[in-house]
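Coordinate inspection notes
Below are the chains, spelled out letter by letter.
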Amino acid sequence: KVRMQGAIQKWVDHSISVTVNLPNNVDEALVNKLYVEAWRSGCKGCTIYRDGSRSGVMISVSKKDKKKKKSILKRLMPYSGKKRFLLYVAMVMSAVSGVMVLMPMVFIHRIVRSLILNGTANLMYIKENSVYAVAFAGVGLFLYVMALLASHVFAFQVEDNIIKISVKKLIEKPLGYFDGKESGRIRTAIVAGAGETHSFLAHQLPDMAMTIISPIV
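The following paragraphs examine the structure supplied in this document. (Residues numbered from 1 in each chain as written. Predicted model: local features only at pLDDT ≥ 70, side-chain atom pairs only at ≥ 80, totals over all residues. Heavy atoms only, no water.)

Let's shift gears to the overall build of the chain. The secondary structure content of the chain amounts to eight helices and two strands. Within the chain, the proportion of its 217 residues that are buried is 25%. Considering only contacts within the chain whose residues lie at least 6 apart along the sequence, 76% involve residues at least 24 apart. If you sum the accessible surface of the chain, you get close to 15700 Å²; carbon and sulfur atoms cover 64% of it. (Helix = DSSP H or I, 4+ residues; strand = E, 2+ residues; numbered from the N terminus. Buried < 20%, exposed > 50% of the residue type's maximum accessible area, 1.4 Å probe, protein only. Contact = heavy atoms within 4.5 Å. Areas by Shrake-Rupley, 256 points an atom, 1.4 Å probe, with all protein chains shown as cover.)

Below, the discussion takes up the packing of aromatic side chains. Under the definition given, this model contains two aromatic pairs. With a centroid separation of 5.6 Å and 25 degrees between ring planes, the pair formed by Phe 107 and Phe 136 is classed as stacked. Here Phe 107 is found in helix H6 (residues 103-118), whereas its partner Phe 136 is found in helix H7 (residues 123-171), with 29 residues between them in sequence. A network of ring pairs unites the aromatic residues Phe 107, Tyr 132 and Phe 136 as a single cluster. (Phe/Tyr/Trp six-rings, centres within 6.5 Å; stacked < 30°, edge-to-face > 60°.)

Turning next to the pattern of salt bridges. For the structure shown, the criterion picks out one salt bridge. Where Lys 164 meets Asp 160, a salt bridge forms, and the shortest distance between an N and an O atom there is 3.1 Å. Within this pair, Lys 164 and its partner Asp 160 are both found in helix H7, separated by four residues, close to a single helical turn. Judged by its relative accessible area of 51%, Lys 164 is exposed. (Salt bridge = Lys/Arg side-chain N within 4 Å of Asp/Glu carboxyl O.)

So, about the pairing of strand E1 (residues 19-22). Side chains of E1 alternate between two faces, with Val 20 and Leu 22 buried and Thr 19 and Asn 21 left unburied. Inspection of the sheet shows E1 paired to strand E2 (residues 47-50) by four bridges, in the parallel sense. Considered in E2, the bridge of Leu 22 is made with Arg 50. Between the parallel pair E1 and E2, the chain is carried across by helix H2 (residues 28-41), and the sense of this crossover is right-handed. (Pairing = 2+ DSSP bridges. Right-handed = clockwise from strand over helix to strand, strands pointing away.)

At their nearest, the axes of helix H5 (residues 85-100) and H7 sit 8 Å apart, and the two run at 160 degrees to each other. One element, H5, and the other, H7, form an angle in the roughly antiparallel class. You can see that H5 and H7 cross each other, and the crossing is left-handed. Across the interface between the two elements, Leu 86, Leu 87, Ala 90, Met 93, Ser 94, Val 96, Ser 97 and Met 100 from H5 touch Phe 136, Ala 137, Val 139, Gly 140, Leu 143, Tyr 144, Met 146, Ala 147, Ala 150, Ser 151, Val 153 and Phe 154 from H7. When grouped by side-chain class, the residues that make up the contact of H5 with H7 number 16 nonpolar, four polar and no charged. (Axes fitted to C-alpha atoms, helices over the stretch in contact; angles between N-to-C directions. Parallel < 35°, antiparallel > 145°, perpendicular 65-115°, else oblique. Left-handed = near helix turned anticlockwise from the far one by under 90°. Nonpolar A, V, L, I, M, F, W, Y, C, P; charged D, E, K, R; others polar.)

Now for the side chain of His 198. Along the chain, His 198 falls in helix H8 (residues 183-216). The residues contacting His 198, other than those within four sequence positions of it, are His 152, Ala 155, Phe 156 and Glu 159.

For the rest of this paragraph, the subject is the environment of Leu 86. Structurally, Leu 86 can be placed in helix H5. Among the residues examined, Leu 86 registers a relative accessible area of 14% and is labelled buried. In sequence terms Leu 86 and Phe 154 are 68 residues apart; their C-alpha atoms lie 5.9 Å from each other. Aside from chain neighbours lying at most four places away, what touches Leu 86 is Ala 150, Val 153 and Phe 154.

Here's what the structure looks like:
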């Protein structure tokens, strides 16, 4: 970094300076080496900053901050209580439903292919494939409805607990916390947020499972 600054300084009349950020445990020898290198490179200015030497200047990122944040589902699971398994059931059933509703296309294709290749209609063959097509479609629809029921029960549980826990935390707040904050707006924000969470869990997640599995099949 210092050498790069020196290379650019040769073509600039005014003084330029680049801050070299160093860790907190840096020793004096390295700082001295950097300043000597800056002088040799023709730098007109050089700034060294050691992490933690001044407050309010640099914000270092600790290892704790570098950890990935929990996913939305992991953060919502504590609100589901003993009904968390319903979400997995709903997603599996929705995925299987996505496969089932595609199967009728296979049997319809078989019927059309037999009509084109044979030139005649085999009523038994058509009837057999038609029954399979209707059966798979019916099973797929049934599984999707059951998946929605499971996801809605899970979503209602999460929504209810979010509201209850949020209200409990508000009750524990000191009275000064509500200065300049209307209770109606706070309540609206809590209920609206819980409602959006419910919609995401009850509808979007099962549909996502079906959407993911369908192109694979």
